[in-house]
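Here is how the chains run, residue by residue.
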Amino acid sequence: MDLFSQIENQEREEILQLRKELKEANHKYYVENAPTLSDYDFDRKLRRLQDLEAQYTDMFDASSPTQRVGSDLVEVEDKGEKQKGKEKSKGFEQVAHKYPMLSLSNSYSREEIAEWINKLPEDVEIVCELKFDGLSISLWYENGILTKALTRGDGTKGDNVIDNIRTIPSIPQRLPDTGYQISDSGFIEIRGEVLLPWPAFDRLNQEREAQEEPLFANPRNAASGTLKLQDTQEVARRGLECYLYYMLGEKLPTDTHYARLQLAKQWGLNISDAVKLCHNLNEVMEYIAYWDKERKNLPVATDGIVLKVNRIAQQEELGYTAKSPRWAIAYKFPAEKQLTQLQQITYQVGRTGVVTPVANLRPVQLSGTMVQRATLHNEDFIRQLNIQEGDMVWVEKSGEIIPKIIGKETSEKASDHSSENQESGYAFPKECPECGTLLVRAEGEAAWRCPNEKSCPPQTKGKIEHFVSRKAMNIEGLGTETIDLLYSQNLLRSIADIYDLKQEDIANQERLGDKSARNILDSIEGSKQVAWARVLFALGIRMVGETTAKKIARRFPSIDLLQWATVEQLTDIDDVGEQIATNIIAYF
Ligand code: IVH
């Protein structure tokens, strides 16, 4: 075979490979809420695929990821439960979009943005906006009244998540009577982005950490998980926000995008103050430079800038490709990455016995914070990245609050340190780093666990901490340090021991004394009054979070009833799948 056919074969093979990889990544991203590729890598691979497909047109495939916008359609059949703590997403009404919901073509290069602008008609006006990093939503106002709120879905039909959307205070349930919406069809559609602001995101993740539920990687995943919940009270509590950026309908009252946004603002819709009407390339570039820095002070995540041709007539002339409008483009901010050394892998044992590998890094400055630790998730993750102690690794922070290790550097500049391409030969510890018990890994699970639930110190202490926490038994005065102290003196070795504590046990401790002892004992006494649902949550049964505990407690109003419950009875309860049922039965 000559060299050219060899290359051709390789490239054809690469097309198939990329299609497979991107399809999987799409599924992970949209359906499982657990992205495996950074946005940057995804876009880079998608572009490579586009280039190759343009070269080998005979390999056209309508199902290629280049031909479709990703899908966020909720799977009616809930597969999520196999994954620990995955939020349930059950049947929302699916509704066809009046206008397809397209995505935007995007670019990481300012030169390409300049090229795009230079190709537009000379008198063009460009509206610059922030690209919010959440989930797109389409609000339907019929005769001025909010009737539907659809997710993008596959672009042609989406889930109607109206009940959850109604929990967002900045979205009006009705528009003021401007005389417009009663004319013609009375239909107006307004699109925007649903987001979980940083403070709400941080709070949610702190709660999840305390409950050992998996953390959301970024506010976008948190918003997506939240929109798919069935419990509107929980949705309301989490505090979603929404920014709107696009108005559609027939015979709309104005003929520019900018004026429509101003109109929407007058109607009380939440339009970002960052929207700006620009008249030339310079103004656009200044806008990009300004927001590249300033966006770090915003309460919500943004991942770029969107440029839109202002005049609707010009938009119509430019038209659409199968995937995106030609009258708009997104400039994406580059993710912040740093190279640093992985100095040591340590292991953390949690309340449920899960052993999490942690990367201890040579401290490095990233997006304004010093990073020195990052989670390595589990054994498979480490093997996939093929890393070991001493390697130079890339750490990324893009919209994500938790720094991620995205790969190792094998080039020459790192070769003094890095383990090149050879297999790292990494081995996960066989024994619990805390108590020495042989670890186990259940089939289908990624995590290694220490099965010594009764006497592995961090498990016992973690269970006690969870039990006394505010949302559980709400026992005050028993913080981590006090628990540590009492544990080390054999006074507190299980949840039950809490109720045997005596005044002198506590008062005799250094730093505590009579007064704290009395307060703690009062608080313990008070905890005997908390509702059964909270006790159930406090027990710390795997995957039984606060909301699930409430639902179970309603169906089984006492512990005596619950301990004889069958799998069938349990799975009958909303939000309880087989895995949770098995955990409850195993507990008793
Ligand atoms: S306009 C036809 N404007 O980015 C144009 N989209 O990759 C429709 N997005 O699906 C989109 N901020 O979810 C537009 N200011 C903004 C945006 C924005 C965020 C999202 C939107 C869209 C995705 C495109």
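No experiment lies behind these values; they were computed from the predicted model shown.

### Some thoughts on the overall build of the chain
- When helices and strands are counted, the chain shows 21 helices and 17 strands.
- Taken against the 2.2 N^0.38 rule, which gives 25 Å for 588 residues, the C-alpha radius of gyration of the chain at 27 Å falls within 12% of a compact globule.
- In terms of its C-alpha atoms, the chain occupies a principal-axis envelope of roughly 85 × 70 × 45 Å.
- The burial tally for the chain puts 49% of its 588 residues in the buried class.
- The contacts in the chain between residues at least 6 apart in sequence include a share of 67% that link residues at least 24 apart.
- Within the structure as shown, the chain displays about 28900 Å² of accessible surface, and the carbon and sulfur contribution to it stands at 49%.
- Looking at the chain, you have 73 positive and 92 negative side-chain charges, and the mean spots of the two groups are 2 Å apart.

### Looking at helix H18 (residues 546-555)
- Of all the positions in H18, only Thr548, Ala549, Lys551, Ile552 and Ala553 are classed as buried.
- For H18, the secondary structure elements touched by its buried residues are helix H17 (532-538), helix H19 (559-562) and helix H21 (578-587).

### What about the packing of helix H12 (residues 457-468) against helix H13 (residues 480-488)?
- Taken N-terminus to C-terminus, the directions of H12 and H13 make an angle of 130 degrees; their axes are 10 Å apart at the nearest point. Relative to H13, H12 is oriented oblique. Of the two possible hands of crossing, H12 and H13 adopt the one that is right-handed. Taking contact as the criterion, the partners of Pro457, Thr460, Lys461, Ile464, Glu465 and Val468 in H12 are, on H13, Thr480, Ile483, Asp484 and Tyr487.
- A breakdown of the residues in the contact of H12 with H13 according to their chemical character gives 5 nonpolar, 2 polar and 3 charged.

### A word on H21
- Among all positions in H21, only Ile580, Ala581, Asn583 and Ile584 are buried. Axial view of H21: buried residues confined to an arc of 160 degrees, hence all on one face. In H21, the exposed positions that point more than 90 degrees away from the buried face belong to Glu578 and Ala586.

### Brief notes about unusual backbone geometry
- One non-glycine residue, His377, lies in positive phi territory at about 60 degrees.
- Here His377 is to be found in the loop between strand S14 (369-375) and helix H11 (379-385).
- By relative accessible area, which is 41% here, His377 ends up partly exposed.
- A positive phi angle is found at Met543, which is not glycine, with a value near 70 degrees.
- Mapped onto the fold, Met543 is located in the loop between H17 and H18.

### Remarks on the packing of aromatic side chains
- Here the structure, examined in full by the defined rule, presents 12 aromatic pairs.
- Residues Phe132 and Tyr243 carry aromatic rings whose centres are separated by 4.6 Å and whose planes lie at 5 degrees to one another, so their mutual orientation is stacked. On the criterion of sequence distance, the pair formed by Phe132 in strand S3 (residues 126-132) and Tyr243 in strand S8 (residues 241-248) is long-range, its members being 111 residues apart.
- We classify Phe132 as buried; its relative accessible area is 7%.
- For the pair Tyr290 and Trp291, a centre-to-centre distance of 5.1 Å together with 90 degrees between the ring planes defines the contact as edge-to-face.
- The exposure class assigned to Tyr290 is partly exposed, which follows from its relative accessible area of 47%.

### A look at the site of the ligand
- The environment of the ligand is made up of 14 residues, and the closest members are Glu129, Leu130, Glu193, Tyr245 and Lys308.
- Contact between the ligand and Glu129: a nitrogen atom at 2.8 Å from a side-chain N or O atom of the residue.
- Here Lys131 contributes a side-chain N or O atom positioned 3.3 Å from an oxygen atom of the ligand.
- Against a free-state accessible area of 520 Å², the protein chains account for coverage of 91% of the ligand.
- Secondary structure elements with two or more residues in the shell around the ligand: S3, S8 and strand S10 (302-309).
- Taken together, the residues of the shell around the ligand sort by class into 7 nonpolar, 2 polar and 5 charged.

### Focus: the pairing of strand S13 (residues 354-366)
- Two elements, strand S12 (residues 336-349) and S13, share 7 bridges in a ladder whose sense is antiparallel. Across the sheet, Val349 pairs through a bridge with Val355, a residue of S13.
- The turn joining S12 and S13, which pair antiparallel and follow one another in sequence, is formed by 4 residues; a positive phi near 90 degrees is taken by Gly353.
- Two elements, S13 and strand S17 (residues 448-449), share 2 bridges in a ladder whose sense is antiparallel. Residue pairing for S17: Val355 is matched across the bridge by Trp448.

### Points about the environment of Val468
- On the secondary structure map, Val468 appears in helix H12.
- Counting along the chain gives 116 residues from Val468 to Ile584, while the straight-line C-alpha distance between them is 20 Å.
- If near-sequence neighbours (up to four positions away) are discounted, Val468 is found in contact with Met473, Asn474, Ile475, Leu478, Ile483 and Ile498.

### Quick notes on a nonpolar patch on the surface
- On the surface, Leu3, Phe4 and Ile7 cluster together to form a nonpolar patch covering roughly 340 Å² of accessible area.
- Within the secondary structure, Ile7 is located in helix H1 (residues 3-31).
- Classification of Ile7 by relative accessible area gives partly exposed; the value is 35%.

### Things to note about the pattern of salt bridges
- Applying the stated criterion to the full structure yields 36 salt bridges.
- Here Asp41 and Arg44 are joined by a salt bridge, their closest N and O atoms 3.1 Å apart. You can see Asp41 and its partner Arg44 sitting in helix H2 (residues 39-55), 3 residues apart, about one turn around the helix.
- The closest approach of N and O atoms between Asp575 and Lys551, which form a salt bridge, is 3.1 Å. In this pair, Asp575 sits in the loop between helix H20 (567-571) and H21 while Lys551 sits in helix H18, placing the two residues 24 residues apart along the sequence.
- Relative accessible area serves as the criterion here: at 18%, Asp575 is assigned to the buried category.
- One network of salt bridges, with partners in common, ties together Glu207, Glu234, Arg237, Arg238, Lys471 and Glu546.

### Quick look at the sheet that holds strand S9 (residues 276-278)
- With mixed pairing, 5 strands are arranged side by side in an open sheet as S2-S11-S10-S3-S9. For this open sheet the edge positions go to strand S2 (106-107) and S9, each flanked by a neighbour on one side alone.
- Contacts from helix H3 (residues 110-118) reach S2, S3, S10 and strand S11 (328-332) within the one sheet, and its direction differs from that of S11 by about 165 degrees.
- Across the face of the sheet, helix H8 (residues 257-266) comes into contact with S3, S9 and S10 while running at roughly 55 degrees to S3.

### Structural notes on the sheet that holds S8
- One open sheet holds the 4 strands; their spatial order is S5-S4-S7-S8, and the pairing between them is antiparallel. Two strands in the sheet have a free side with no partner beyond their single neighbour: strand S5 (145-151) and S8. Between one strand axis and the next, the sheet turns by 30 degrees as a mean value, whatever way the strands run.
- Here strand S4 (residues 135-142) pairs with S5 via 6 bridges, running antiparallel.

Calculation rules
Residues numbered from 1 in each chain as written. Predicted model: local features only at pLDDT ≥ 70, side-chain atom pairs only at ≥ 80, totals over all residues. Heavy atoms only, no water. Helix = DSSP H or I, 4+ residues; strand = E, 2+ residues; numbered from the N terminus. Rg over C-alpha atoms; globule rule 2.2 N^0.38 Å. Buried < 20%, exposed > 50% of the residue type's maximum accessible area, 1.4 Å probe, protein only. Contact = heavy atoms within 4.5 Å. Areas by Shrake-Rupley, 256 points an atom, 1.4 Å probe, with all protein chains shown as cover. Lys, Arg positive; Asp, Glu negative; His and termini not counted. Charge placed at Lys NZ, Arg CZ, Asp CG, Glu CD. Axes fitted to C-alpha atoms, helices over the stretch in contact; angles between N-to-C directions. Parallel < 35°, antiparallel > 145°, perpendicular 65-115°, else oblique. Left-handed = near helix turned anticlockwise from the far one by under 90°. Nonpolar A, V, L, I, M, F, W, Y, C, P; charged D, E, K, R; others polar. Arc of directions from axis to C-beta. Phe/Tyr/Trp six-rings, centres within 6.5 Å; stacked < 30°, edge-to-face > 60°. Near = heavy atom within 4 Å. Polar contact = N/O pair within 3.5 Å; in protein donor to acceptor, adjacent residues only side chain to side chain. Pairing = 2+ DSSP bridges. Patch = residues over 30% accessible without salt bridge, like charges linked within 9 Å, V, L, I, M, F, W, Y side chains within 5 Å. Salt bridge = Lys/Arg side-chain N within 4 Å of Asp/Glu carboxyl O.

Read these as spatial facts, not as claims about activity.
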